[in-house]
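Descriptive structure summary
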Amino acid sequence: MPNRYRALAPVFVLAFAACSNAGSAPSTTAPAASLPAATNPGATRVNVKLTDALRMEPGEMAVKAGQALTFVVTNAGAIDHQFFLGDEAAQAAEEQMMQSGPMGDTAQGITVKPGETKELTYTFQVAGQAFAGCHVMGHYGAGMKALITVTP
């Protein structure tokens, strides 16, 4: 199914720096999506690279609540990776679900094959912390995540 049916729209102002995030403080806010991407052509685009070193680049992002962002996610590695958005509770639930096998693309996450680029458009509605994470077996625990700080 094409991403435009799976992705939900957003509008973000993004500032980011590539760095690792193991040991981030617990998040307090679950991301919330808004309008379908097709209805929000003004979304800010942010390139994200997934690597076989089990890293997301950038490793930290800052976005403004209520603004749409289209994540342009490229798997630069030779193995499958995932890009899933959510607070710590959502990341833990996704980790548990992925233990039974890969899930299909959703409004909060996409699976990206080696060499593939996919887009996910999303709006965080509430200020707080969220994460982008890869839940392919062992990846999230090894640090394959990015901190997303949502500002008012």
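Residues numbered from 1 in each chain as written. Predicted model: local features only at pLDDT ≥ 70, side-chain atom pairs only at ≥ 80, totals over all residues. Heavy atoms only, no water.

1. Points about the side chain of Thr121
Structurally, Thr121 is set in strand β8 (residues 117-123). In this structure the side chain of Thr121 is engaged in a polar contact, spanning 2.7 Å, whose partner is the side chain of Thr70. (Helix = DSSP H or I, 4+ residues; strand = E, 2+ residues; numbered from the N terminus. Polar contact = N/O pair within 3.5 Å; in protein donor to acceptor, adjacent residues only side chain to side chain.)

2. As for the nonpolar core
Judged by nonpolar contacts, the single largest core of 24 residues is most densely connected at Phe71, Phe83, Leu85, Phe124 and Ile148. Elements represented by at least two residues in this core include exactly β2 (44-51), β4 (60-64), β5 (68-75), β6 (81-86), β7 (109-112), β8, β9 (128-133) and β10 (145-151). (Core = buried A, V, L, I, M, F, W, Y, C linked by side-chain atoms within 4.5 Å. Buried < 20%, exposed > 50% of the residue type's maximum accessible area, 1.4 Å probe, protein only.)

3. So, the pairing of β4
Side-chain alternation along β4 places Met61 and Val63 on a buried face and Glu60, Ala62 and Lys64 on a face that remains uncovered. In the sheet, β4 pairs with β10 via five bridges, with the strands oriented parallel. The residue bridging Glu60 from the neighbouring strand is Leu147, located in β10. (Pairing = 2+ DSSP bridges.)

4. Overview of the pairing of β9
Counted residue by residue, β9 has five buried out of six residues, so it is predominantly covered. Bridging between β6 and β9 involves three bridges; their strand directions are antiparallel. Paired with Leu85 across the strands is Ala132, a residue of β9. The pairing of β9 with β10 spans six bridges and is classified as antiparallel. Bridging from a neighbouring strand, Gly133 pairs with Lys145 of β10.

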